[in-house]
2 protein chains.
Amino acid sequence: MSYRAPVEDIVATLRHVAGLDRLIADGLAPDLEGGMTEAILDEAAKFAAERLAPLNVVGDKYGSTLKDGVVTTPPGWKEAYRAWAEAGWNALPAPEAYGGQGLPLLLQSACTEMWNSAAFAFALGPLLTVGAIEALHAHGSEELKETYLAKLVSGEWMGTMNLTEPQAGSDLNALRSKAERAGDGTYRITGQKIFITYGEHDMTENIVHLVLARLPDAPAGTRGISLFLVPKYLVNKDGSLGAHNDLRCSGIEHKLGIHASPTCSMAYGDEGGAIGWLIGEENRGLACMFTMMNNARLNVALQGVAIAERAYQQALAFAQERRQGTALDAPKGSAMSPIIVHPDIRRMLMDMRAKTQSARAISYLLAEALDRSHRETDEPKRKAAAERAAILTPVAKAYATDIGIDVASTGIQVHGGMGYVEETGAAQHLRDARIATIYEGTNGIQAIDLVLRKLPLSGGEAVKALIAEMRGVAAEVAAANTPGFGHTAARLTAAIDALERATQWMLATMGAKPAEVLAGATPYLKLFALAQGGTGLAKKALALRSEESGAAALATARFYAEHNVTEAPALELAVTEGAGAVEDADAVFAA
Amino acid sequence: MSYRAPVEDIVATLRHVAGLDRLIADGLAPDLEGGMTEAILDEAAKFAAERLAPLNVVGDKYGSTLKDGVVTTPPGWKEAYRAWAEAGWNALPAPEAYGGQGLPLLLQSACTEMWNSAAFAFALGPLLTVGAIEALHAHGSEELKETYLAKLVSGEWMGTMNLTEPQAGSDLNALRSKAERAGDGTYRITGQKIFITYGEHDMTENIVHLVLARLPDAPAGTRGISLFLVPKYLVNKDGSLGAHNDLRCSGIEHKLGIHASPTCSMAYGDEGGAIGWLIGEENRGLACMFTMMNNARLNVALQGVAIAERAYQQALAFAQERRQGTALDAPKGSAMSPIIVHPDIRRMLMDMRAKTQSARAISYLLAEALDRSHRETDEPKRKAAAERAAILTPVAKAYATDIGIDVASTGIQVHGGMGYVEETGAAQHLRDARIATIYEGTNGIQAIDLVLRKLPLSGGEAVKALIAEMRGVAAEVAAANTPGFGHTAARLTAAIDALERATQWMLATMGAKPAEVLAGATPYLKLFALAQGGTGLAKKALALRSEESGAAALATARFYAEHNVTEAPALELAVTEGAGAVEDADAVFAA
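Analysis parameters
Residues numbered from 1 in each chain as written. Chains lettered and ligands numbered in written order. Predicted model: local features only at pLDDT ≥ 70, side-chain atom pairs only at ≥ 80, totals over all residues. Heavy atoms only, no water. UniProt positions renumbered as here; feature names shortened; annotations may be inferred. Helix = DSSP H or I, 4+ residues; strand = E, 2+ residues; numbered from the N terminus. Contact = heavy atoms within 4.5 Å. Buried area = accessible area lost by both parts, 1.4 Å probe. Salt bridge = Lys/Arg side-chain N within 4 Å of Asp/Glu carboxyl O. Polar contact = N/O pair within 3.5 Å; in protein donor to acceptor, adjacent residues only side chain to side chain. Buried < 20%, exposed > 50% of the residue type's maximum accessible area, 1.4 Å probe, protein only. Least-squares fit on C-alpha atoms with pLDDT ≥ 70 in both.

Chain A appears in an unreviewed UniProt entry as 3-methylmercaptopropionyl-CoA dehydrogenase from Bosea caraganae. Turning to chain A, the UniProt record has this under Catalytic activity (unreviewed entry): "3-(methylsulfanyl)propanoyl-CoA + oxidized [electron-transfer flavoprotein] + H(+) = 3-(methylsulfanyl)acryloyl-CoA + reduced [electron-transfer flavoprotein]".

Asker: What am I meant to see in the side chain of Arg-431 of chain B here?
Answerer: One can find Arg-431 of chain B in helix α13 (residues 426-433). With residues up to four places along the chain from it excluded, the contact list for Arg-431 of chain B reads Leu-256, Tyr-420 and Arg-431 of chain A together with Asp-60, Leu-256, Gly-257, His-259 and Glu-422 of chain B.

Asker: It is not clear to me how the interface of chain B and chain A should be interpreted in this structure. Could you clarify?
Answerer: On the side of chain A, 88 residues touch chain B, which itself brings 88 residues to the contact. Summed over both partners, the interface of chain B with chain A buries about 7000 Å², with 63% contributed by carbon and sulfur atoms. Viewed at the interface, chain A and chain B are joined by 6 salt bridges. In this structure, the salt-bridge partner of Asp-584 of chain B is Arg-558 of chain A, at a minimum N-O distance of 2.8 Å. The interface formed by chain B and chain A includes 40 residue pairs in polar contact (both at pLDDT 80 or more). The greatest single-element share of the side of chain B that touches chain A, amounting to 8 residues, is contributed by helix α19 (residues 550-563) of chain B.

Asker: Sorry, what's going on with unusual backbone geometry here?
Answerer: Peptide bonds are, in most cases, trans, and in most cases residues other than glycine have a negative phi. We note that Tyr-198 of chain A has phi near 55°; this positive angle belongs to a residue other than glycine. Position of Tyr-198 of chain A relative to the elements: it lies in the loop between β5 (187-197) and β6 (207-213). Its identity is not glycine, yet Asp-68 of chain B carries a phi of approximately 50°, on the positive side. With respect to the helices and strands, Asp-68 of chain B occurs in the loop between β1 (65-67) and β2 (70-72). Classification of Asp-68 of chain B as exposed rests on a relative accessible area of 73%.

Asker: Looking at this structure, how should I read the UniProt feature "domain: Acyl-CoA dehydrogenase/oxidase N-terminal" (unreviewed entry) in chain A?
Answerer: The residues that UniProt annotates with the feature "domain: Acyl-CoA dehydrogenase/oxidase N-terminal" (unreviewed entry) are residues 38-156 of chain A. Taken end to end, residues 38-156 of chain A comprises 67% helix and 5% strand; its first and last C-alpha atoms sit 27 Å apart.

Asker: Is there a simple way to explain the relation of the copies chain B and chain A in this structure?
Answerer: Between the two chain copies there is a screw-like relation: a rotation about an axis and a shift along it. For the pair chain B and chain A, the superposition axis carries a translation of 0.0 Å, the fit reaches an RMSD of 0.0 Å, and the rotation angle comes to 180°. Taken together, these values place the two copies in the relation of a two-fold axis. In terms of C-alpha distance to the rotation axis, chain B has Glu-567 of chain B as its closest residue, with the C-alpha 3.1 Å off the axis. When the interface residues of chain B are mapped onto chain A, 100% of them again fall at the interface, so both copies present the same face.

Asker: Hey, could you run me through the pattern of salt bridges in this one?
Answerer: Working definition: two side chains of opposite charge can pair if their charged atoms are close together. Inspection of every chain in the model, using the stated rule, returns 71 salt bridges over all chains. Measuring nitrogen to oxygen at the nearest pair gives 2.7 Å for the salt bridge that ties Arg-431 of chain A to Asp-60 of chain A. Here Arg-431 of chain A is found in helix α12 (residues 426-433), whereas its partner Asp-60 of chain A is found in helix α4 (residues 55-62), with 371 residues between them in sequence. The shortest N-O distance in the salt bridge between Glu-368 of chain B and Arg-372 of chain B comes to 2.6 Å. Of this pair, Glu-368 of chain B and Arg-372 of chain B both sit in helix α10 (residues 343-375), 4 residues apart, which is roughly one turn of the helix. Across the pair, Arg-372 of chain B and Glu-368 of chain B agree in class, each one buried. The structure contains a network of salt bridges with shared partners spanning Asp-9, Glu-113, Glu-309, Arg-360 and Lys-540 of chain A.

Printed below as a string of structure tokens:
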């Protein structure tokens, strides 16, 4: 099944929802003036469709394999990766001082979506490199940056994140990997890590591992964790590769999906200790890790959007081809119609489309906020953008990955029996999508992050500013007097009202009854996403009304408002009056 | 991962929700008087846990394989099947005249649930045999019944259903397989069938295929379809097996799940025509097929319940074992707690539990209605029960299989990263569950069946009777004055109000605007299920209030009402005001 990047909707979302034009007008994205955005996206779309999309099925079928410590990626993957890196795609958002192009995250996000639609398991690898680049750039010593950054930026080497251990998944307090000072400024790392994405592979000559470990005299808990750079091959002074470091891949997981992405168990220091270099300060590794993870959450959100888009395209193509039954208004004895004429099939396709585009809207809004948080020169503006990004990060990550699963599952349903047969390719999307709600912080953890850490920002003013913006969009829809909006204004207003009340409840309750706030965190996040996504789609529809593509944008915004946003009042109830039922679970689980 | 049948909840649901006690009191289930129900269920639970549950992982890993036309089932499956049949489990609901035990479907349903929880792909095979028995018993000639029924009832042979062809899936109008009269009372069958579950295997010596085909002079469309019995091996007069019939398995599908269940492409008549015998009358095959399919829909609903139950048990066990983080109220420096202490994990587990039990309630209610539709001696009562069953069939099939996917997916989420690793076994449940919304009529088709064919029964009185019963339960909850119900009464009442209005809208709209009715069919079905499932759980909680297990039943009913039933008003809006948005999809798909 082929993939064609939805450049039109991507550009419309960048410009009319995520405010790319304003970013340019404010002088914060000088590289994207003129038609640069479209030019870059067209090239990316071409590469994604022609070079990456064919890898997807191959990767699923062959997977990556481990033999004698060597991981082999599927046929064609190595070559595609090199072509992709040589074309400069890896360097897009990276700092210019190290060979990057320093383009806004907003543009990079559109490209990330495309790579992931084309071949999810492929695109996952470079995302880890991006995280490593960011952590190293922000916290690494000049020497480390000099040695590693340019190669990571060019894609000549790839990076990894080594956090998880068998007993330490979501809870990094339990981390046990050790680092000892060697006396020469380096450290010796020992320990077992699991679930290390692209921990070992044959795509690049060297792999730069970023590893969390504990010093002997470190305090207990997460305040005693440090971050180390541990290369697979040591690097000589002249930049050439030296000895193999004391680390190896001891196993790869047999997973539900993303078969081509090697998920490695890593053993550090079997022979005394892998040589590592400290990134940032001792015992301050968590802060470095957050740098590495925060954009990773945006990128995982984009994976949700991406897999949903691919599943939608495939289901749509099938529904336009497959003939079963006849349309309601077809004369007796008519030949079978494409199933897209049937209302329930259309409903499913519109649901897939609306969810995909709403998740795109939220994710791009987040990218824009992150760009402003880095690029605004005015401190209050930078802070406001950073808080906005902080709030949108868990919302985008959890919502986009949730709908990724949901849309991929509906895609199977549209295919009927063919959807269950692996050769069709629809099932792979569900299998691949299923990881994204788990990694980079489970969606439950995103919801907790949202309510406990993000809502209180600036005393609740940050979230109120976002809600006020949503109200502005709903008011515009109401004032637009466009029949095609149907009940959109009323549904959005109901959702924003529900969100506002639920937010007030959260802010008022978290001090005295944190358990109640936690019980409602997931429904609250979804409520937030419905209001944010619904206003996002409406904003796009308002902007495009007079253009040719306006009718489709309008229909999509309307569908989302009338079929999805409608759930908002139920979610409000789950938040504000649902905690008692969760507490009562004592009676169930004690039994 | 082991499975322990939830006998306590099964019995409570049978007695207090599905009215088993009343069925016995009415003299309609004499075999179940005294403690027979518990005695049979305890035996079934034992067999399911000890003999079948260990097959599940083995079946997934090895799958069934095809070589030179021979299908080999996974290690141990053949032996388990024989032990299961010899213990008499296949004969439970079958007619006593042919060696069956003639027990109520209600009891059989509880057992079917257990077999499917233990090993979904295993239990699927006998379900097809049950369908074949029912069709043959209802429509077959005495001679056919004499030759085949006893062997099917004992489980010595298995049966299949051959409906689908590449161009004819949901739409049987397009069926092309041919049957020619041989002149001796038999027929010669030629054609290709696909997606034939257990179409070929090594579990039994003979396989009895029920095949839909078209006579040369048949009218076009579904009124020209006949049903034939086509055995793999012809049967001699003395009951011994004769020549291999002209049919073969030409391929098996590589599927997302149920790997052990061979999904076969069948070729009939490569060498001139397979010998077949007519079941029922010529061109009336569709009626026979509906006999075969109607209970099949109940059985698929039970598969949804079953996989949800298994996924719930596995997630619960994991959450009680796995330690990450500490409880909110734990003193500083405490050791890590089992993750079940975290509110969001509890919320997920309660969601899984409540959905599973609500689907069980609806499915068992359906089984009871089917029993009454066969067993009531009073004609008006029989008709009322038949109409009730007709309505509940699509509701149970679609809802239970939808939640089967949903619960299995949440089960993965509870496991975090371990859930994505196949060895854990949580992912298999999602892969297996994914078929059930598709086969035996996709869930979209169930929804259409509900609104177009079932709501109008007795001029809408049948559905109104069901809604009136729901109101009775909601009133009892309101009157119970039990604090543990929380907001249950209010939520149920809101849902029943929404269902009543949506039903009126459906009945009023279907004549003039069928497209609008079809656009709302799926949300309508879900609305129906929420009200039916919510009142079912409440009914059980009311009955158990004074017993020891009452607190858990109450907490579950409350959770479902406060976290799931709350969606009802949104679904009403999707039904009554959502059709415009589906129609507007023209603007999207024409673009």
